[in-house]
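# Chain and residue survey
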Amino acid sequence: MKQMLNVALPKGRLGEKVYDMFEKAGYPCPSIKEVNRKLIFENENCSVRYFWVKPSDVAIYVERGAADIGVAGKDILLEYEPDIYELLDLNIGKCNMAVAAKKDFRDDNSKTLRVATKFSNIAAGYYLSKGRDIDIIHLNGSIEIAPILGLSDVIVDIVETGTTLKENDLKVIKIIAPISARFIANKASYKFKFNEIEALVKNLAQQTTED
Amino acid sequence: MTGNFPLKQNEKIIFSLRSLFDSYGYSMYKMSKFEEYDLYSKNKEFLVSDGVIAFTDTNGKLMALKPDVTLSIVKNTASSKEAIQKLYYNENVYRVSKSSRNFKEIMQIGLECIGKIDSFSVFEVLTLALKSLAEVSSRYVLDVSNLDILTETLDFLAIPKENRAEVLHCIGEKNLHRLTELCSQLNVEDKKTEVLRQLVLINGNPDNAFEKLNILLKGIVSENILKEFENIISSLDDRKSVKIDFSVVDDINYYNGIVFKGFIEGAPNSVLSGGCYDTLMKKMKRSDRAIGFAVYLDMLEYLNVLPEKYDVDAVITYDENTSLEFLKKTADALREKESVLLLNGEPVGIRYKKLIKIKNGEVSDIETNA
């Protein structure tokens with residue numbers, strides 16, 4: 001008998017895309033498509049339970065074992081460094097973690113660089129590897145405004161198409177890491193639900209290469 | 001007391017592990033709560049978490065509340081290549097919790113084997129690790145890896161020293177996509193990368209794993225390392241609970257050879273962790289060898305233990321007109337069989353099976369909840 005798999009999915013378009021992949025892989029749960037405010041959906045026949053959670057929280061649910069598996073952006077994994085297995089790159093939700101600044105920006109090495117970001121850990125790690133002295137300004141959204149208002153010299157943020165940057169007269173200076181959605185698993189769940197998780201990984205990997 | 005007063009889950013486990021270690025002749029090692037700070041500043045990476053609670057002692061020396069037990073045991077035991085010391089401990093350690101970023105007191109129980117370590121000592125420690133897990137839960141897995149095998153495989157791939165930490169990190173996450181990408185950036189031949197990928201993919205019972213390993217690593221890893229590893233694991237009685245899994249990658253600056261992590265169903269992360277740490281011994285200017293493990297009792301709080309339905313079996317409430325002698329006699333008689341709480345007022349916020357009200361020197365009412 002299959003063991004119940006608890007799956008944390010990121011709320012939003014990416015999560016819906018991921019659900020379709022899981023459905024194809026033999027874990028359907030039709031009630032998830034109903035329009036309502038429910039957050040947990042279960043299909044006992046297929047031994048699966050889905051939760052919709054905030055994308056940045058998926059890794060926490062998985063690391064703490066509330067979910068056995070989940071799908072999280074690489075940005076979240078780099079930022080929080082959860083103790084999990086990263087079993088597959090789903091090759092969807094692709095974008096870049098990048099440093100961006102005003103078009104006329106020139107780095108002045110004699111001064112501390114002011115960096116505005118939602119991703120303090122990634123920014124700190126990147127500049128530490130460069131030996132650059134920085135001041136991190138942690139913001140929770142609309143990061144692009146920071147250099148325009150003179151709050152920061154640069155920003156470290158996710159860049160998808162670059163349209164927002166362009167419209168705000170900013171440009172990418174450096175790509176720190178490519179980002180995409182990753183299939184992650186709780187370390188203990190992986191031991192005790194090995195067959196279910198491995199079969200799912202194989203199926204998803206196949207779907208990823210087919211696309 | 002003659003009643004049946006159950007121990008808490010953690011207390012039960014501590015008792016059973018202590019008697020397990022005693023039965024193998026390991027002796028209890030009791031140590032002071034404090035250690036010189038210097039010991040930790042020299043071996044920072046060995047510690048599980050950053051941050052040590054430090055204070056200045058009355059003589060001006062900088063001291064620390066222990067964040068780790070192994071370093072103190074190594075420091076305080078005599079070096080011997082001819083003899084072996086088998087010790088166990090049950091101590092509180094003080095570490096920074098990753099989630100709250102605050103210091104936490106964590107009860108740890110574990111054992112260390114120091115001195116002339118041979119295959120049998122490693123086998124015995126693995127046996128005790130398995131038995132310890134069995135004491136904690138009926139469903140458990142011991143993941144065992146071998147850092148010497150990993151190191152020799154990375155040598156075969158000619159991975160430069162400065163990139164090894166990242167490669168090992170990918171192995172620890174079973175992150176094959178990044179591992180492949182990284183090897184390609186380091187110009188490792190695809191054929192060699194595939195050997196490493198296959199090694200990371202090994203996850204299963206020891207018999208199948210060794211069959212694969214012997215074919216995969218022929219001519220890549222020293223035969224004696226593979227043979228000794230196989231010999232130790234296949235001699236374990238409980239090897240059905242063992243999985244060979246190379247994602248157990250402790251810091252190679254301290255650990256070497258066999259390393260392992262134990263998981264139980266219901267706890268989100270490993271509850272037991274250990275391995276050979278000859279490299280740490282060398283760093284501490286010791287030429288003898290060592291192996292040990294610790295059980296993290298804080299992880300056991302995740303286990304589904306049903307909460308107690310009652311705080312106490314019986315509550316006796318009394319008034320000022322009741323004599324001491326009558327109260328004592330009534331309570332003692334009940335205590336023969338159950339737990340009794342005496343209160344000179346109403347029992348507020350207490351869950352009880354039975355409430356006995358004594359007024360003016362006699363039992364006036366009995367309420368039962370059971």
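Just so you know, these numbers come straight off a predicted model, no measurement behind them.

## Concerning the overall build of chain A
A count of helices and strands for chain A gives eight helices and 11 strands. Along the three orthogonal principal directions, the C-alpha set of chain A runs to about 65 × 35 × 30 Å. Classification of the 211 residues of chain A by burial places 52% in the buried group. The long-range fraction of contacts in chain A, counting pairs at least 24 apart against all pairs at least 6 apart in sequence, stands at 67%. As displayed, chain A has an accessible area near 10700 Å², and 49% of this comes from carbon and sulfur atoms. Here chain A holds 29 positive side-chain charges and 30 negative ones, and the gap between their average locations is 2 Å.

## Quick word on the interface of chain B and chain A
The parts lose accessible area when they come together, and the size of an interface is often stated as this lost area. Across the contact, 22 residues belong to chain B and 23 residues belong to chain A. Summing the contributions of chain B and of chain A, the shared interface buries around 1800 Å²; its carbon and sulfur component is 47%. Between chain B and chain A we count two salt bridges in total. The salt bridge partner of D143 of chain B is K191 of chain A, with a shortest N-O separation of 2.4 Å. One can count 10 residue pairs in polar contact (both at pLDDT 80 or more) joining chain B with chain A. Within the residue set of the side of chain B that touches chain A, elements represented by two or more residues are β7 (140-146), β9 (242-245) and β10 (256-264) of chain B. With three residues, β7 of chain B is the largest single contributor of residues to the side of chain B that touches chain A.

## Thoughts on the packing of aromatic side chains
Per the counting criterion, the structure on display carries 12 aromatic pairs over all chains. Centroid distance F22 of chain A to Y50 of chain A: 6.2 Å. Interplanar angle 70°. Geometry classified as edge-to-face. Of the two residues, F22 of chain A is situated in helix α1 (residues 13-24) and Y50 of chain A in strand β3 (residues 48-53); the sequence distance between them amounts to 28 residues. Given the relative accessible area of 0%, Y50 of chain A is considered buried. Look at F34 of chain B and F55 of chain B: their rings are 5.1 Å apart centre to centre, the planes differ by 75°, and that puts the pair in the edge-to-face class. Taken together, the residues span a long stretch of sequence, with F34 of chain B in strand β2 (residues 34-36) and F55 of chain B in strand β3 (residues 54-56) at a distance of 21 residues.

## Overview of unusual backbone geometry
Residues and elements named next belong to chain B. The phi angle at K174 is positive, at roughly 55°, despite the residue not being glycine. Note that K174 resides in the loop between α6 (161-172) and α7 (176-185). For N360, which is not glycine, the phi torsion reads 50° and is therefore positive. The residue N360 is located in the loop between β15 (352-359) and β16 (362-368) in this model.

## Description of the side chain of S132 of chain B
Residue and element names in this part refer to chain B. Residue placement: S132 occurs in helix α4 (residues 119-136). By relative accessible area, S132 is classed as buried at 1%. Of the polar contacts made by the side chain of S132, one reaches the backbone oxygen of L128; its length is 2.7 Å. Those residues in contact with S132, other than ones at most four positions away along the chain, are L17, L20, F21, L272, F293 and V295.

## Remarks on the packing of α6 of chain B against α7 of chain B
All names here are of chain B. Between α6 and α7, whose axes approach to 8 Å, the crossing angle comes to 155°. Put simply, α6 runs roughly antiparallel to α7. Of the two possible hands of crossing, α6 and α7 adopt the one that is left-handed. Between α6 and α7, the contacting residues are E166, V167, C170 and I171 on the first element and R178, L179 and L182 on the second. Across the contact of α6 with α7, the residue classes break down as five nonpolar, no polar and two charged.

## Things to note about the domain arrangement of chain B
What the domain assignment reports for chain B is domain 1 (7-139 + 265-308), domain 2 (147-241) and domain 3 (312-368). Inter-centroid distance (C-alpha atoms) of domain 1 of chain B to domain 3 of chain B is 45 Å.

## Concerning the environment of Y140 of chain B
Structurally, Y140 of chain B is set in strand β7. Dropping the residues within four chain positions of it, Y140 of chain B is found in contact with F192 of chain A together with L130, L133, A134, D238, S241, F263 and I264 of chain B. Reaching out from Y140 of chain B, the side chain makes a polar contact with the side chain of D238 of chain B at a distance of 2.6 Å.

Parameters at a glance
- Residues numbered from 1 in each chain as written.
- Chains lettered and ligands numbered in written order.
- Predicted model: local features only at pLDDT ≥ 70, side-chain atom pairs only at ≥ 80, totals over all residues.
- Heavy atoms only, no water.
- Helix = DSSP H or I, 4+ residues; strand = E, 2+ residues; numbered from the N terminus.
- Buried < 20%, exposed > 50% of the residue type's maximum accessible area, 1.4 Å probe, protein only.
- Contact = heavy atoms within 4.5 Å.
- Areas by Shrake-Rupley, 256 points an atom, 1.4 Å probe, with all protein chains shown as cover.
- Lys, Arg positive; Asp, Glu negative; His and termini not counted.
- Charge placed at Lys NZ, Arg CZ, Asp CG, Glu CD.
- Buried area = accessible area lost by both parts, 1.4 Å probe.
- Salt bridge = Lys/Arg side-chain N within 4 Å of Asp/Glu carboxyl O.
- Polar contact = N/O pair within 3.5 Å; in protein donor to acceptor, adjacent residues only side chain to side chain.
- Phe/Tyr/Trp six-rings, centres within 6.5 Å; stacked < 30°, edge-to-face > 60°.
- Axes fitted to C-alpha atoms, helices over the stretch in contact; angles between N-to-C directions.
- Parallel < 35°, antiparallel > 145°, perpendicular 65-115°, else oblique.
- Left-handed = near helix turned anticlockwise from the far one by under 90°.
- Nonpolar A, V, L, I, M, F, W, Y, C, P; charged D, E, K, R; others polar.
- Domains from an automatic or database assignment.

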